[in-house]
Amino acid sequence: MRFDQLLSADDLTLKASSPAPARRLSHINSTGTYRQWADQARQRAFDLIGVPARTADPSGEIIRTISTGDVATAVIRLTIDDNLSLPGYLSWPNEQEAPSHRVVLALHGHGQVEACLNIDGVTEDYHHQFSHRLAERGQTVFTPELRGFGALYDLAAHEPQARLRYWHWGQPMAYTLQTDAFIHGRTLMGDTIHDLLAWEDWLGHHFEIDAIDVAGISWGGDLACSYPLYSRRVRSIFASGTLGSFTHTFRVSGNAPAHCIPGILPWLDRSDIAGLNAPTPIAIHYGENDTPRPGNDSASYNETAIDAFAELQSIYAAAGGPEPELIISAGLAHEMDIDALAAWIRHQQTPPH
């Protein structure tokens, strides 16, 4: 038998798809009050996201403080438990004696935390060093490295013959960190939210931080819409490159699996999860060129984006919350718009007249 006698893709029908999701608990299918819907939807979302219970109080230490231009950055190591510690970076303007009590939580997407900071020799990417740029404009910014990325690419790196890896340029990406979470009934989203809550509590205790403006892009945008559901300190949300329906996240946009919440679509979609943040002010941001096309494995501004935003508007209206803001940046693709982000945060931090 020769290789050319095997059937190729051209000899087959390859149009696999899933049926339209039921979304049984989505707000668009609700007939009750906002509160009745939110109570049911929030509980289902919590069950599916699966944030694990904390087994120990986090402890942190400032390793060093670095001055880069007009910005000071504290390098912090947070110990979650005996088996895991995490890096994080707290930046503020040098002209301030100390960080302010209101902080921007900067959440990176697929990449490394250094792309959000100002690190010698690091090529600028779609994050556009947004943590450092905000600090240059007067903000106190905390940037955690998220599990599965950068220094946390392999959470079992110090355990012989074990691999719990997710994403790193030029490294094998079998996503074992994600699949290991799945088989234990968890998600990478839930585990990461667990880490963010630990950081939030430690920063609140050590630096008396009592208010948070969340800003994230791509995977960080997903987290910006989900982590605040569990937080007591979040005051506003800026989510870039997210919100479009899960139906297109993987099949059309080609995203990596961190975004996955197993079993979500029979019950809810991204717009519902984001809507549960009402009445917290929220902005959704896209680059106008972040559309499905060859080579774009993000494509967050796909055909579902506007309908999802309309659903978000409907939820906020039912909750009596402020109108969500949609920001579409001309000429940009899947990338952070520093000016739009800075303007949003400045507006949220300005007391009303």
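Structure shown above.
Residues numbered from 1 in each chain as written. Predicted model: local features only at pLDDT ≥ 70, side-chain atom pairs only at ≥ 80, totals over all residues. Heavy atoms only, no water.

Student: It is not clear to me how the overall build of the protein chain should be interpreted in this structure. Could you clarify?
Tutor: In terms of regular secondary structure, the protein chain is built from nine helices and nine strands. Relative to the compact-globule value of 20 Å for 353 residues, the protein chain shows a C-alpha radius of gyration of 21 Å, a close match. Taking the principal axes of the C-alpha coordinates as reference, the protein chain spans close to 70 × 55 × 45 Å. Residues classed as buried in the protein chain amount to 53% of the 353 residues present. Summarising the internal contacts of the protein chain: among those between residues at least 6 apart in sequence, 67% fall at separations of at least 24. In the form shown here, the protein chain has an accessible surface area of approximately 16,600 Å², with 50% of it arising from carbon and sulfur atoms. Side chains of the protein chain carry 24 positive and 42 negative charges; the gap between the two charge centres is 5 Å. (Helix = DSSP H or I, 4+ residues; strand = E, 2+ residues; numbered from the N terminus. Rg over C-alpha atoms; globule rule 2.2 N^0.38 Å. Buried < 20%, exposed > 50% of the residue type's maximum accessible area, 1.4 Å probe, protein only. Contact = heavy atoms within 4.5 Å. Areas by Shrake-Rupley, 256 points an atom, 1.4 Å probe, with all protein chains shown as cover. Lys, Arg positive; Asp, Glu negative; His and termini not counted. Charge placed at Lys NZ, Arg CZ, Asp CG, Glu CD.)

Student: I'm lost on the environment of Asp180 in this one. Help?
Tutor: Tracing the chain through its elements places Asp180 in helix 3 (residues 176-183). Here Asp180 falls in the partly exposed class, since its relative accessible area comes to 25%. The sequence separation of Asp180 and His248 amounts to 68 residues, and the corresponding C-alpha distance is 24 Å.

Student: I tried to follow the pairing of strand 1 (residues 59-68) on my own but got confused; where do I start?
Tutor: Consecutive residues of a regular strand have side chains that alternate between opposite faces of the sheet. As defined by bridge partners, strand 1 adjoins strand 2 (residues 71-81) across nine bridges and the pair is classed as antiparallel. Looking at strand 2, one finds that Thr65 is bridged to Ala74. In sequence, strand 1 turns back onto strand 2 through a hairpin of two residues, with Gly69 there showing a positive phi of about 65°. (Pairing = 2+ DSSP bridges.)

Student: Looking at this model, I keep getting lost on helix 3. Mind explaining?
Tutor: An α-helical segment advances 3.6 residues per turn. Residues three or four places apart therefore align on the same side. Turning to helix 3, its buried residues number three or more, namely Leu177, Gln178 and Ala181. All buried residues of helix 3 lie within an arc of 100° about the axis, which places them on one face of the element. On its buried face, helix 3 is in contact with helix 4 (188-207). Gly185 sits one or two residues past helix 3 and shows a positive phi near 80°. (Arc of directions from axis to C-beta.)

Student: Explain a nonpolar patch on the surface here, please?
Tutor: Nonpolar side chains collect at one region of the surface, where Met1, Phe3 and Leu6 lie side by side and expose about 450 Å² of accessible area between them. Residue class for Met1 comes out exposed when judged on its relative accessible area of 84%. (Patch = residues over 30% accessible without salt bridge, like charges linked within 9 Å, V, L, I, M, F, W, Y side chains within 5 Å. Salt bridge = Lys/Arg side-chain N within 4 Å of Asp/Glu carboxyl O.)

Student: I'm lost on the pattern of salt bridges in this one. Help?
Tutor: Any two side chains of opposite charge can pair, given that their charged atoms come close. Enumeration according to the criterion identifies 18 salt bridges in this entry. A salt bridge links Arg147 to Asp195; the nearest nitrogen and oxygen atoms lie 2.7 Å apart. Linking Arg147 in the loop between strand 5 (141-144) and helix 3 with Asp195 in helix 4, this pair joins segments that are 48 residues apart in sequence. Judged by relative accessible area, Asp195 falls into the buried class, the value being 4%. Where Glu200 meets Arg233, a salt bridge forms, and the shortest distance between an N and an O atom there is 3.0 Å. With Glu200 in helix 4 and Arg233 in the loop between helix 5 (219-226) and strand 7 (234-240), this pair connects stretches of sequence that are 33 residues apart.

Scope: geometric values only; no functional claims are made or implied.
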